[in-house]
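# Chain and residue survey
The primary structure of each chain is shown beneath.
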Amino acid sequence: MRTILKFGLIATCVLTANAFAQDFCNTTTHSGESVEVSSNKVGTIGDVGYELWNEGGNGGSATFYSDGSLNCKMTGAKDYLCRTGLAFNSDKTHEEIGHMKADFKLVKSGLSGIDYSYIGIYGWTREPLVEWYIVDNTGSQYMPGSWVAQGASAKNHGDFEIDGAQYTVYEGDRTSYSIDGDNKYFKQYFSVRKSKRDCGTIDITAHFKKWEELGMKMGKMHEAKILGEAGSNSGANAKGEYDFPYAKVYIEGAEPSSSSAEPESSSSTEAIKGIRSMTVGNNTSLVFDAQGKYLGSFETADAETLNAAIKAKYNSGVYMVKQGRAFRSISVK
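Quick summary incoming for the structure in this document. What you are looking at is a predicted structure, and each value in this text was computed from that prediction instead of being measured.

What counts as what
Residues numbered from 1 in each chain as written. Predicted model: local features only at pLDDT ≥ 70, side-chain atom pairs only at ≥ 80, totals over all residues. Heavy atoms only, no water. Helix = DSSP H or I, 4+ residues; strand = E, 2+ residues; numbered from the N terminus. Polar contact = N/O pair within 3.5 Å; in protein donor to acceptor, adjacent residues only side chain to side chain. Contact = heavy atoms within 4.5 Å. Buried < 20%, exposed > 50% of the residue type's maximum accessible area, 1.4 Å probe, protein only. Pairing = 2+ DSSP bridges. Expected span 1.5 Å × (residues − 1). Arc of directions from axis to C-beta. Disulfide = S-S within 2.5 Å. Phe/Tyr/Trp six-rings, centres within 6.5 Å; stacked < 30°, edge-to-face > 60°.

### Re the side chain of S176
- When you line up the elements, S176 lands in strand 11 (residues 165-178).
- In this structure the side chain of S176 is engaged in a polar contact, spanning 3.5 Å, whose partner is the side chain of R174.
- In this structure S176 touches G181, D182, N183, K184 and F186, once residues within four positions along its chain are discounted.

So, in structure tokens, the structure goes:
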């Protein structure tokens, strides 16, 4: 047991999202510290970067949580973007940063007046300046179509299997609002899923690679965030709620961070391999937080006792547990 704890203390345990898909898709509550925002703002909470942007500066609010989850409320918006995830320094390409993925759980309610909507992963790059979308859901009646490709470079590149599903890839350009100010020229890239889903894991890097195969150049990363966007073509009419009780954007094989990710050291890699390969006794549970940081161990005989012990020591939230050779995610209420 002492050896197991040694590995746990010196390493960040990074777990693949698919192993926990069923568990995080059952998540219903947010956890951690929170901040409510009602005007345009870029900020961080814990290690999570967030942004709320409304055209005109009003039309909705958002609540962001330190576990990465978020709640987006439109109260009459023309164009509303609510997002949380990883922020970067625009000094590294996605290849230099590492393999990016995201897990999300979405609950929509009270939607009206929404003419267009993008729900999925969103970000920008510089050199070149690119606004990019991976769209897995929508708050409007239909998924986005060929109209997303605007400008002189507008292209429908066709349908491709990316990350195990069918996506249509579009390219365009605009002169509009951007991370570098208003009335800026930038490229736009879209991957739009053929069938919408409310929960799952998105392989962000898989989309980047497909875009680059198609000649859609990516620049240096500014952000990669889970997005809820809604807009109205006839004024400030978009209303409703996108709730994400589970939302994580992370670098596979490295600890998620709000700054540019550095390559994982060889000693850390070996430690992670050591943790994954170990067998823990059936009544011994190693507990990690939702970001994969080791917290401690418990000797418990059943799930109910373990949940009570975690709540008493660490409060409610989503935790990762290793027991025997299995990892699982649990929600402690």
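Let's pick the thread back up.
### A short note on the pairing of strand 9 (residues 130-137)
- Counting buried positions along strand 9 gives eight out of eight residues, so the element sits mostly inside the fold.
- Across seven bridges, the pairing between strand 8 (residues 116-126) and strand 9 is antiparallel. Across the sheet, residue G123 finds its bridge partner in strand 9, namely W132.
- Bridge count between strand 9 and strand 12 (residues 181-193): six bridges; the pairing is parallel. In the sheet register, V135 faces strand 12, and the bridge partner there is V192.

### A short note on helix 6 (residues 303-314)
- The end-to-end C-alpha distance of helix 6 is 16 Å, a good match for the 16 Å that 12 residues give at a rise of 1.5 Å each.
- Three or more residues of helix 6 are buried, namely L306, I310 and Y314. Take helix 6 and look down its axis: the buried residues cluster within an arc of 30 degrees, on one side only. Seen from the buried face of helix 6, the exposed residues on the opposite side, beyond 90 degrees, are E304 and A312.

### Notes on the state of the cysteines
- Overall, the coordinates contain two disulfides when judged by the stated rule.
- Two residues share a disulfide in this structure: C25 and C199, whose sulfurs sit 1.9 Å from each other. A torsion of -100 degrees about the S-S bond marks the disulfide between C25 and C199 as left-handed. Highlighted residues: C25 in the loop between helix 2 (21-24) and strand 1 (34-37) and C199 in strand 13 (residues 199-203), separated in sequence by 174 residues.
- Among the residues examined, C199 registers a relative accessible area of 17% and is labelled buried.
- Here C72 is linked by a disulfide to C82, with a sulfur-sulfur distance of 2.2 Å.

### So, the packing of aromatic side chains
- Counted according to the given criterion, the structure contains 14 aromatic pairs.
- For the ring pair W53 and Y177, a centre distance of 5.3 Å and an interplane angle of 55 degrees mean the geometry is tilted. Taken as a pair, W53 in strand 3 (residues 48-54) and Y177 in strand 11 lie far apart in primary sequence, 124 residues in all.
- In this structure Y177 comes out as partly exposed when scored by relative accessible area, which is 39%.
- Between Y118 and F190 the ring centres are 5.7 Å apart and the planes differ by 55 degrees, which places this aromatic pair in the tilted class. Of this pair, Y118 sits in strand 8 while F190 sits in strand 12; the two residues are 72 residues apart in sequence, bridging distant segments of the chain.

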